Amino acid sequence: MASTFAPRLVNGPFGDPGLFIELRWQGSAVLFDLGRNDGLPAADMLKVTHVFVSHTHMDHFIGFDRVLRLFLNRDKRLFLYGPEGIADCVAGKLSGYVWNLTDSYPFVFDVTEITAGGAKRAVFRACTGFRREDAELLPAQQEHAAAPNATPLLVDEGHFRVQTAITDHRIPCLAFAIDEPTHMNVDGAGLAKAGFAPGRWLADLKEALRAGAPDDTRLTVARSDRSTVELEVGALRGLVRVTEGQKFGYIVDTRFIPENLAVLLPVMHNADLLFCESPFLDEDRDQAAMRYHLTAAEAGTIARLSRARRLKVFHYSPRYQGRGDLLRQEADAAFRGRIDPGVLAELGAAVA
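Read on for a plain summary of the structure. (Residues numbered from 1 in each chain as written. Predicted model: local features only at pLDDT ≥ 70, side-chain atom pairs only at ≥ 80, totals over all residues. Heavy atoms only, no water.)

## Considering the overall build of the protein chain
Along its length, the protein chain carries 13 helices and 18 strands. Rg of the C-alpha trace for the protein chain: 22 Å, near the compact-globule value of 20 Å for 352 residues, within the 12% margin. Seen through its C-alpha atoms, the protein chain measures out along the principal axes to roughly 65 × 55 × 45 Å. Taking all 352 residues of the protein chain together, 49% fall into the buried category. Surface summary for the protein chain: the accessible area is close to 16300 Å², and the carbon and sulfur share equals 49%. (Helix = DSSP H or I, 4+ residues; strand = E, 2+ residues; numbered from the N terminus. Rg over C-alpha atoms; globule rule 2.2 N^0.38 Å. Buried < 20%, exposed > 50% of the residue type's maximum accessible area, 1.4 Å probe, protein only. Areas by Shrake-Rupley, 256 points an atom, 1.4 Å probe, with all protein chains shown as cover.)

## Some points on the packing of aromatic side chains
Enumeration over the complete set of coordinates arrives at 18 aromatic pairs. Ring centres of F248 and F275 lie 6.5 Å apart, and the angle between their planes is 80 degrees; this geometry places the pair in the edge-to-face category. Note that F248 is positioned in strand β16 (residues 247-251) and F275 in strand β17 (residues 273-277), a separation of 27 residues in sequence. Ring pairs connect the aromatic residues F61, F64, F71, Y97, W99, F107, F109 and F130, which therefore count as one cluster. Against the face of Y292 rests R255, its NZ or CZ located 4.5 Å from the ring centre. (Phe/Tyr/Trp six-rings, centres within 6.5 Å; stacked < 30°, edge-to-face > 60°. Lys NZ or Arg CZ within 6 Å of the ring centre and 35° of its normal.)

## A closer look at the pairing of strand β13 (residues 218-222)
A one-sided burial pattern is seen for β13, the buried positions being L219 and V221 and the unburied ones R218, T220 and A222. Where β13 meets strand β14 (residues 228-232), five bridges bridge the pair, whose relative direction is antiparallel. Residue pairing for β14: L219 is matched across the bridge by L231. With antiparallel pairing between neighbouring strands as the criterion, β13 and β14 make up a hairpin whose turn holds five residues, including R226 at a positive phi of roughly 75 degrees. (Pairing = 2+ DSSP bridges.)

## Structural notes on helix α11 (residues 296-305)
Across the 10 residues that make up α11, a large majority, nine, are buried. Those residues of α11 not exposed but buried are A296, A297, E298, A299, G300, T301, I302, A303 and L305. Buried residues along α11 sit in contact with β16, α9 (258-268), β17, β18 (311-314), α12 (324-336) and α13 (341-347). Just downstream of α11, R307 is the residue with a positive phi angle, here 65 degrees. (Contact = heavy atoms within 4.5 Å.)

## Some remarks on the layout of surface pockets
As a volume, the largest pocket reaches approximately 420 Å³. Considering the residues around the largest pocket, the lining is formed by 19 residues, among which F256, D282, R285, E298 and V343 are closest to the centre. A per-class count over the lining of the largest pocket returns eight nonpolar, three polar and eight charged. The computed volume of the second largest pocket comes to approximately 360 Å³. Taken together, 19 residues form the lining of the second largest pocket, with D59, D253, R291, H293 and H315 sitting closest to its centre. Classifying every residue of the lining of the second largest pocket by side-chain character gives eight nonpolar, six polar and five charged. (1 Å grid on protein atoms, 1.4 Å probe; cavity = no way out; pocket = protein on both sides within 12 Å on 5 of 7 lines; lining within 4 Å. Points joined across faces, edges and corners; volume = space filled by probe spheres on them. Nonpolar A, V, L, I, M, F, W, Y, C, P; charged D, E, K, R; others polar.)

## Thoughts on the environment of V186
Following the sequence through the fold, V186 ends up in strand β12 (residues 182-186). Expressed as a C-alpha distance, the spacing of V186 and A271, which sit 85 residues apart in the sequence, is 24 Å. The residues contacting V186, other than those within four sequence positions of it, are L191, L202, K206 and L239.

## With respect to the packing of α11 against α12
Where α11 meets α12, the axes come as close as 7 Å, and the angle between the chain directions of the two elements is 35 degrees. In the crossing of α11 with α12, the sense of the turn from one axis to the other is right-handed. Together, A296, A297, G300, T301, A303 and R304 of α11 and L327, E330, A331, A334, F335 and R336 of α12 make up the contact between the two elements. Tallied by class, the residues present in the contact of α11 with α12 amount to seven nonpolar, two polar and three charged. (Axes fitted to C-alpha atoms, helices over the stretch in contact; angles between N-to-C directions. Left-handed = near helix turned anticlockwise from the far one by under 90°.)

## Brief notes about the pattern of salt bridges
For the structure shown, the criterion picks out 21 salt bridges. The salt bridge involving R8 is made with D44; its shortest N-O contact spans 2.3 Å. Note that R8 is positioned in strand β1 (residues 5-9) and D44 in helix α1 (residues 42-45), a separation of 36 residues in sequence. The class of R8 is partly exposed, set by a relative accessible area of 33%. For D44, a relative accessible area of 13% puts it in the buried group. A single salt-bridge network, built from bridges that share partners, covers R8, E22, D44 and K47. (Salt bridge = Lys/Arg side-chain N within 4 Å of Asp/Glu carboxyl O.)

## Some points on the sheet that holds strand β2 (residues 19-23)
With respect to topology, eight strands assemble into an open sheet ordered β1-β2-β3-β4-β5-β6-β7-β8, the strand pairing being mixed. Strands at the two margins of the open sheet, each flanked by one partner only, are β1 and β8 (132-135). Strand-to-strand twist of the sheet, defined as the mean angle between neighbouring strand axes without regard to direction, takes the value 20 degrees. By the bridge criterion, four bridges tie strand β3 (residues 28-32) to strand β4 (residues 48-52) in an arrangement that is parallel.

## Details of unusual backbone geometry
Of note in this structure, R170 is not a glycine but carries a positive phi near 70 degrees. Here R170 is to be found in the loop between β10 (161-168) and β11 (172-179). For R170, a relative accessible area of 67% puts it in the exposed group. For N270, which is not a glycine, the phi torsion comes out positive at approximately 65 degrees. Tracing the sequence through the fold places N270 in the loop between α9 and β17.

Dropping the structure here:
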């Protein structure tokens, strides 16, 4: 089965955090965190439609300016999600420049901040010199505002969804999980046998199936001889196989405490791949706790408790330069090993 999500860390394990996920069949991408991103090609960056910022410490937000510069004179709306205060941080960044020549620029930053009490949204348009405008919440955000104690569904684009958990880093810090509700694979042999050619119409067919469109919904289908034909969705269903979708988790800058695990584990549950920070070895867990970070063993334990299928650790402390393998090995041992009963007892209801 060909995967829809193509993830890669923007930097190496010692670099600033950032996770780029290309949505292969959509020609788009999403980005988690805005650390330094000079190594991400501009062509890839311009595929991004949604940015999810965990918090605005410098190593998670310094790449904002490059995004701004690349998107500035383009007819795009970039959705940015972050914790309480993210709109003020965006406004502060934008206020550092002069915008007297952008009145014809169509670019828009659409910013949503997530708090324990709900969500707020603001829009910044290049044509107004990025003057802040308060805006109504989008439908998925209204759901969170109505039930703030529920797991907030930040985005539901049909072909992907993003949920979040608010954790403690001495400030609110967001963890994220992205999934596709269902995975749709085209039967290539069936396509050729029917005399159809690949093309944009296949994405339209998948969207129609996801949306539950009636069988008599008509689509323009490309044929192998370069002609087109109008056919009903019902006649095309057999070309698409529907299976369970993928899920990836992203955790940075948090503490290994019951309060954090209580919100993290439901969101990360059954992730196919969990990207989790691993700044410290367990022998330095006092330092990790003081800095409100995880150890490698704690990262592995979270992955095991959430029943992730695979674990990828990153965001290593520079103190371990040349010893990065130790962090990876410690995390892997905890992920694949038996969890200490004392740890389970300490976490209590968070892992029940």
